[in-house]
Amino acid sequence: MQIAPAVRVAVGEAFGMKPGELTTGKIYAALRMIGFDKVFDTNFSADVTIMEEGTEFIKRFTEGKDLPLLTSCCPAWTDWMEKYAPDFTGNFSTAKSPQQMLSALCKSYWAEKNGVDPKKIHVTSIMPCTAKKYEISRDENMSATGQQDTDVVLTTRELARMIKAAGIDFNDLPEEKADDLLGAYTGAGTIFGVTGGVMEAALRTAYCLITGEAQPPSIDFQDVRGMEGVKTATIDIKGTKVNIAVAHQMGNVEKVINQIREDRKNGVKPRYDFIEVMACRGGCIGGGGQPCLATDAVRAQRTAGLYTDDEKCTLRMSHLNPEVKELYDNYLGKTGAQGGEKAHHLLHTNYHKRDVYHFEG
Ligand code: SF4
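Residues numbered from 1 in each chain as written. Predicted model: local features only at pLDDT ≥ 70, side-chain atom pairs only at ≥ 80, totals over all residues. Heavy atoms only, no water.

In this approach the atoms are scanned with a rolling probe the size of a water molecule, which exposes any empty space left behind. This model, assessed by the stated rule, comprises one cavity of 30 Å³ or more. Taken as a whole, the largest cavity encloses approximately 70 Å³ of empty space. As for the largest cavity, its lining consists of S72, T78, A95, K96, S97, Q100, E135, R138, M142, T349 and Y351. Across the lining of the largest cavity, the residue classes break down as three nonpolar, five polar and three charged. (1 Å grid on protein atoms, 1.4 Å probe; cavity = no way out; pocket = protein on both sides within 12 Å on 5 of 7 lines; lining within 4 Å. Points joined across faces, edges and corners; volume = space filled by probe spheres on them. Nonpolar A, V, L, I, M, F, W, Y, C, P; charged D, E, K, R; others polar.)

With that settled, consider the site of the ligand. Lining the immediate surroundings of the ligand are C74, P75, A76, C129, M278, A279, C280, C284 and G287. With respect to the detected pockets, the ligand is housed in the second largest pocket. Partitioning the shell around the ligand into residue classes produces eight nonpolar, one polar and no charged. (Near = heavy atom within 4 Å. Sits in = over half its atoms within 2 Å of the grid points.)

Right, let's get into the sheet that holds strand β5 (residues 152–155). Taken together, the four strands give an open sheet; going across it, the order is β2-β1-β4-β5, and neighbouring strands pair in parallel fashion. Looking at strand neighbours, the two that pair on one side only are β2 (40–41) and β5, the edges of this open sheet. In terms of strand pairing, strand β1 (residues 2–3) meets strand β4 (residues 124–127) through two bridges, oriented parallel. Each residue of the ladder has a partner; that of Q2, found in β4, is S125. Sitting on the sheet, helix α6 (residues 156–165) is in contact with β4 and β5, with an inclination near 85 degrees to β5. (Pairing = 2+ DSSP bridges. Helix = DSSP H or I, 4+ residues; strand = E, 2+ residues; numbered from the N terminus. Contact = heavy atoms within 4.5 Å. Axes fitted to C-alpha atoms, helices over the stretch in contact; angles between N-to-C directions.)

Here S108 is to be found in helix α4 (residues 98–114). By relative accessible area, which is 11% here, S108 ends up buried. Contact partners of S108, with chain neighbours within four places excluded, come to T145, Y331 and L346. (Buried < 20%, exposed > 50% of the residue type's maximum accessible area, 1.4 Å probe, protein only.)

Further remarks concern the packing of aromatic side chains. Two measures describe an aromatic ring pair: the distance that separates the ring centres and the angle between the ring planes. Using the criterion set out here, one finds nine aromatic pairs in the structure. Judged by centre distance (5.8 Å) and plane angle (40 degrees), the rings of W80 and Y84 are tilted. Of this pair, W80 and Y84 both sit in helix α3 (residues 75–84), separated by four residues, roughly a single helical turn. Aromatic ring contacts, followed pair by pair, group W77, W80, Y84, F92 and Y351 into a single cluster. The ring of Y307 is capped by R225, whose NZ or CZ atom sits 4.0 Å from the centre of that ring. Looking at R264, its charged tip hangs above the ring of F88, at a distance of 4.1 Å from the centre. (Phe/Tyr/Trp six-rings, centres within 6.5 Å; stacked < 30°, edge-to-face > 60°. Lys NZ or Arg CZ within 6 Å of the ring centre and 35° of its normal.)

Take a look at the structure:
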């Protein structure tokens, strides 16, 4: 079992809690009571995503190739891009989404370390998202371990129904911890659930990897936060200027995509080096699988819950996650962008133009 960042600040709404209330430990406890043998956290693989995508960005930025880099953890966005903007397939990060990374690591790394046959593992993921249900079988890259890596996706609403059906008193549950190897997370991993969060997490780590410094002057990149449809900024990494954009909701995304098309037409350098995209308003906290009827006030509360989770973490940068370090030291070696074959096979994918089907009647 794995749970995504945004689930922890929303499932409590089904049990009378306020939006944004952090219920991570209670969710772990509920899942164990329901009968899941191991409970992992997608926040862990969000940290892994930063290792893969961050080093991919540094490589492309240094070489000046295939920019802007577009984030790829939102399957609704990747699907849209393959159908309506196939001229951008080369710009996409090849890093898989955190959901797919965790499942692939569970059926390879975790299975090997625990002597379990991957064929006997069934991975269920709890997501704030309905598009994640499509993602698990989008192509052969989603079966990197020789079988489908994620077996089933349930939404936050479906999790709430499952807890109620099991007769569990969610409010009274103790706070439990996730299981080892794929359960530890940093503040950077948890903010993946809000618009701007992936960019902020990537910038925290990229700054350290580029400069060799222990941390950026400010760990909070305020420019990428908030509900504005398109947020842009120039980040100064010790004299190196990185132009970024963050867009959420597809209408806003299209505007940014068209700006890059305009730059291409005019033969000038793209105005952005790195773009984060989320299809849902506010990012995954406003996803299609979350409790219904979210207003912007509700989105703001869920967002605040994830930033609180970030601030509560002792470690707030993905590359400092001890289990991530263990994963690279003892199993993967290098990231995909640094030439790591295992990482590339398990954690990366590719994109191509897809047909748009029009249904009639
Ligand atoms: S932004 Fe929406 S569609 Fe995209 S991954 Fe998050 S919940 Fe799913």
